[in-house]
Amino acid sequence: MVRYRVLISGQVQGVNFRAACRRMAWQCGVAGWVRNLDDGRVEAVFEGPTGDVQRLLDWARHGPRFAVVSDVAVRAEQPEGLGSFSIV
């Protein structure tokens, strides 16, 4: 079980990033949350089995169709045992 805090930069707001991220998290079996930040970035927490979280991280590097991701910063954290994925 791993947990990562992820900051995604680029054209990532107003392009359905959060909803697409939630759908992908459900498909990957990953728990956590995603939200927009005031500075234009998207912040997320991905928690789950290593391979499933890596699959979601790989997706976040390009995002949904109209997103233009310029950077993805990833920081490991201690897993909390989250049970679902939400938009906050």
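A short tour of the structure in this document, coming up. Keep in mind that what you see is a predicted model, and the values were worked out from it rather than measured.

1. Observations concerning the state of the cysteines
Here is step 1: Taken as a whole, this structure holds zero disulfides when the rule is applied.
Here is step 2: The thiol of Cys21 is not disulfide-bonded; the next cysteine sulfur, from Cys28, is found 9.2 Å away.
Here is step 3: Judged by its relative accessible area of 0%, Cys21 is buried.

2. Here we look at the packing of aromatic side chains
Here is step 1: A full pass over the atoms with the stated rule returns two aromatic pairs.
Here is step 2: On the basis of an interplanar angle of 50° and a centroid distance of 5.2 Å, the ring pair of Phe17 and Trp59 is categorised as tilted. Taken together, the positions of Phe17 in helix α1 (residues 17–28) and Trp59 in helix α2 (residues 50–60) put the pair 42 residues apart, joining distant regions of the chain. Both residues of the pair, Phe17 and Trp59, count as buried.
Here is step 3: Ring plane angle 35° and centroid distance 6.2 Å describe the contact between Phe46 and Phe85, whose orientation is recorded as tilted. Residue Phe46 is found in strand β3 (residues 42–48), and its partner Phe85 is found in strand β5 (residues 85–87); the two are separated by 39 residues along the sequence.
Here is step 4: Owing to a relative accessible area of 0%, Phe46 belongs among the buried residues under this scheme.

Criteria and thresholds
- In this numbering scheme, every chain counts its residues from 1 along its sequence in written order.
- Per-residue local features are limited, in this predicted model, to residues with pLDDT of at least 70; the limit for side-chain atom pairs, both in listing and counting, is 80 or more; totals at the level of whole chains, interfaces and linings are taken over all residues.
- Water and hydrogen atoms play no part in the side-chain values, which are based on all heavy atoms of the structure.
- Two cysteine sulfurs form what is called a disulfide whenever their separation falls within 2.5 Å.
- For the exposure calls, accessible area comes from a 1.4 Å probe over protein chains only, and a residue counts as buried if that area is under 20% of its type's maximum, exposed if over 50%, partly exposed in between.
- Ring pairs shown here join Phe, Tyr and Trp side chains whose ring centres sit within 6.5 Å, with only the six-membered ring taken for Trp; geometry is labelled stacked below 30 degrees between planes, edge-to-face above 60, and tilted in between.
- What counts as a helix is a DSSP run of H or I of at least four residues, what counts as a strand is a run of E of at least two, and both are numbered from the N terminus.

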